Amino acid sequence: MRTSRRTLLKNSAAAAAVLSLDWTCAQAQAETVRIGMVYDLTGPFAAGGSVASSIGAQIAVDLVNEKGGIGGKHKVAPVSADSQSKPEVAINEAVRLIDQEKVDIINGVYASSHAVPLAAKVEQQKKILWITTAVSTAVFKDKNLQYVFRAQIHSDQYGQAFAGFLTEHAKAKLGMEPKDVKVALIHEDGPYGVGVAAADEAYCKEAGLQVVMKEGYSASAPDLGILVTKLKRARADVISHAGYNPDITLFLRQARENGLKFKMLFGAGAGYSQLDKLRETFGADIDNFCNIDPVPAQLLDASKLAPGIGDLTKTMVARYKQKTNATDVPPHCSMGFNQTWILLNNVLPVAKDKYGGFDPEAIRKAALDVDIPAGGTIQGYGVKFFRPGTPLSGQNERSTPVVMQNAGQHISVVWPTNIRTQDPVFPLPKSSVYAS
């Protein structure tokens, strides 16, 4: 039977249409999600936790891609940018990622001094800013942000934990009523330090603790001798210090040289969470210092978390140590990993399946659907974002910090009491060079 030329043409066109449809479906199936990754890979913030955060975020990307990508089929292509510990560079890099690299999602941001202007800039562009690390409450407070999200804790929570620990332990550990405990608050003068110190002051006053000194300084200051002298005059029992890395090193060195004494020093994350770095410089001098931050995931009891979370933490820890040869895995690794994991596993699949794509509008809607109960993440806390129109729109309402203590070569959780892994050593033992 002979086939007419018209029939051949019709069959060829139909075949071409089927091939075109198959190709289009294959393209959709193989859609790659490009995400801008903005971290301080150089400059003073790099060693203060930013590099650790970036490594944690990359581990999360690697694990998702090894399982086929988002939803098992959409690979993640990170586009890295170094903000160089400079706010203006962070903004320029974000603009480059959006305008030239055509990314709709920016992940990362270590420093609050970067996060505040970046949030405004990305919000204006109606792109997604997914903050993994920066903590300043000022990023969100009364801004009604729609496209900026943070599962990480915020700086007001540092003050709650600081005052809560002191109030709980003053009588039993110091033999003092809370009203008799003298507190000094020192901080770098950017949004991070200012936010932590303001929260410390507010919650200390609410708890009846005595705030005898509150002083800010530039993180790039070449000399903190005057600050140390003021602290000696104030005779504080407890010092809270919100600092980065070089400034912490400078402060502790000059404090020792000038004979500053106290019953306890509390860090507020950042440089105080980089235990390996501090120990390289100060050795046993930093033993028993406390630090407030989101918990390093490996310190939690996996049996109290959702199924599979413990195994996920073990994988993260093993890969971090493999990449860095670190003894301790700092909290910043967990921050970078945890927040990125939530984005890749709890938000983007929903954006695609429920809202039709990976565009900012779909991602925004999917983020507002997130409802992870306590125990559902590697850092123990749950995730649900404050709604638009509320004072902290875009901030996780279920995030929680812990108080940790440098217990020799490792870190222990000492507060909240119900999840502590060690009874706190408080005050500093007489063997400490800083003990009063």
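The structure this text deals with has already been given above.
What comes next is a walk through the structure. Keep in mind the model is a prediction, meaning the values are calculated, not measured. (Residues numbered from 1 in each chain as written. Predicted model: local features only at pLDDT ≥ 70, side-chain atom pairs only at ≥ 80, totals over all residues. Heavy atoms only, no water.)

**Here we look at the sheet that holds strand β4 (residues 128-131)**
Turning to step 1, where the next piece is worked out: Read across the sheet, five strands follow the order β2-β1-β3-β4-β5 without closing on themselves; strand pairing throughout is parallel. In this open sheet, the two edge strands, each paired with only one partner strand, are β2 (76-82) and β5 (148-150). Looking at each pair of strands side by side, their axes are set apart by 25 degrees on average, direction ignored.
Turning to step 2, where the next piece is worked out: Relative to β2, strand β1 (residues 33-39) is paired through seven bridges, and the arrangement is parallel. From the neighbouring strand, V33 faces β2, where its bridge partner is V76.
Turning to step 3, where the next piece is worked out: Sheet contacts for helix α12 (residues 360-369): β3 (105-108), β4 and β5; angle to β4, the most-contacted strand, approximately 40 degrees. (Pairing = 2+ DSSP bridges. Helix = DSSP H or I, 4+ residues; strand = E, 2+ residues; numbered from the N terminus. Axes fitted to C-alpha atoms, helices over the stretch in contact; angles between N-to-C directions. Contact = heavy atoms within 4.5 Å.)

**Quick word on helix α8 (residues 246-257)**
Turning to step 1, where the next piece is worked out: With 12 residues, α8 ought to run about 16 Å at 1.5 Å a step, and its terminal C-alpha atoms sit 17 Å apart, in line with that.
Turning to step 2, where the next piece is worked out: Buried within α8 we find D247, I248, T249, L250, F251, L252, Q254 and A255.
Turning to step 3, where the next piece is worked out: Buried residues belonging to α8 abut β6 (182-188), β7 (210-217), α7 (225-234), β8 (238-242), β9 (264-267) and α9 (275-282).
Turning to step 4, where the next piece is worked out: Following α8 by one or two positions, G259 has its phi on the positive side, about 70 degrees. (Expected span 1.5 Å × (residues − 1). Buried < 20%, exposed > 50% of the residue type's maximum accessible area, 1.4 Å probe, protein only.)

**Some remarks on the sheet that holds β7**
Strand pairing in a sheet relies on backbone hydrogen bonds, with the paired strands running either antiparallel or parallel.
Turning to step 1, where the next piece is worked out: Here seven strands make up an open sheet; going across it, the order is β7-β6-β8-β9-β10-β11-β12 and the pairing mixed. If you trace the sheet from one side to the other, it starts and ends with β7 and β12 (410-415), each paired once. Pairs of neighbouring strands in the sheet enclose a mean axial angle of 25 degrees, with direction left out of account.
Turning to step 2, where the next piece is worked out: Where strand β11 (residues 402-407) meets β12, five bridges bridge the pair, whose relative direction is antiparallel. Considered in β12, the bridge of Q405 is made with S412.
Turning to step 3, where the next piece is worked out: Set on the sheet, helix α5 (residues 156-174) makes contact with β6, β8, β9, β10 (290-293), β11 and β12; between it and β12 the angle comes to about 75 degrees.

**Some words on the pattern of salt bridges**
Turning to step 1, where the next piece is worked out: Tallied over the full model, the rule gives 19 salt bridges.
Turning to step 2, where the next piece is worked out: Among the ionic pairs, R96 bridges to E93, the shortest N-O distance being 2.9 Å. Of the two residues, R96 and E93 are both situated in helix α3 (residues 87-99); the distance of three residues between them amounts to about one turn of the helix.
Turning to step 3, where the next piece is worked out: When its relative accessible area of 23% is taken as the criterion, R96 is described as partly exposed.
Turning to step 4, where the next piece is worked out: On the accessibility criterion, E93 (17% relative accessible area) is buried. (Salt bridge = Lys/Arg side-chain N within 4 Å of Asp/Glu carboxyl O.)

**Details of the packing of helix α2 (residues 46-66) against helix α10 (residues 309-324)**
Turning to step 1, where the next piece is worked out: As a packed pair, α2 and α10 sit with axes 10 Å apart at the nearest point and diverge in direction by 120 degrees. In this view, α2 runs oblique relative to α10, as classed from their interaxial angle. The way α2 lies across α10 gives a crossing that is right-handed. Residues A52, I55, I59, D62, L63 and E66 of α2 touch α10, and the partners they reach there are L312, T315, M316, R319, Y320, K323 and T324.
Turning to step 2, where the next piece is worked out: Across the contact of α2 with α10, the residue classes tally to seven nonpolar, two polar and four charged. (Parallel < 35°, antiparallel > 145°, perpendicular 65-115°, else oblique. Left-handed = near helix turned anticlockwise from the far one by under 90°. Nonpolar A, V, L, I, M, F, W, Y, C, P; charged D, E, K, R; others polar.)

**Overview of the pairing of β10**
Turning to step 1, where the next piece is worked out: Side chains of β10 alternate between two faces, with C290 and I292 and N291 and D293 buried alike.
Turning to step 2, where the next piece is worked out: Bridging between β9 and β10 involves two bridges; their strand directions are parallel. Paired with F266 across the bridge in β10 is C290.
Turning to step 3, where the next piece is worked out: Regarding topology, α9 serves as the crossover connection from β9 to the parallel β10, and that connection is right-handed. (Right-handed = clockwise from strand over helix to strand, strands pointing away.)

**Quick look at the packing of aromatic side chains**
Turning to step 1, where the next piece is worked out: What the rule picks out here adds up to 14 aromatic pairs.
Turning to step 2, where the next piece is worked out: A centroid spacing of 5.8 Å and a plane angle of 35 degrees characterise the contact between W130 and F149, whose relative ring orientation is tilted. On the criterion of sequence distance, the pair formed by W130 in strand β4 and F149 in strand β5 is long-range, its members being 19 residues apart.
Turning to step 3, where the next piece is worked out: Residue W130 is classed as buried on the basis of its relative accessible area, which comes to 0%.
Turning to step 4, where the next piece is worked out: One aromatic cluster in this structure is built from F45, Y110, Y192 and Y244.
Turning to step 5, where the next piece is worked out: Here R364 stacks its cationic end above the ring of Y147, 5.9 Å away from the centre of that ring. (Phe/Tyr/Trp six-rings, centres within 6.5 Å; stacked < 30°, edge-to-face > 60°. Lys NZ or Arg CZ within 6 Å of the ring centre and 35° of its normal.)

**Side note on the environment of C290**
Turning to step 1, where the next piece is worked out: Within the element layout of this structure, C290 appears in strand β10.
Turning to step 2, where the next piece is worked out: Judged by relative accessible area, C290 falls into the buried class, the value being 2%.
Turning to step 3, where the next piece is worked out: Those residues in contact with C290 that sit more than four places away from it in its chain are M264, L265, F266, G267, V403, M404 and Q405.

**Examining the packing of helix α11 (residues 331-355) against α12**
Turning to step 1, where the next piece is worked out: Orientation of α11 relative to α12, taken along the N-to-C sense of each, is 115 degrees, at an axis distance of 8 Å. The angle between the axes of α11 and α12 places the two elements in the roughly perpendicular class. Where α11 crosses over α12, the two elements pack in a sense that is right-handed. Contacts between α11 and α12 involve V347, L348, V350, A351, K354 and Y355 from the former and A362, I363, K365, A366, A367 and D369 from the latter.
Turning to step 2, where the next piece is worked out: Classifying every residue of the contact of α11 with α12 by side-chain character gives nine nonpolar, no polar and three charged.

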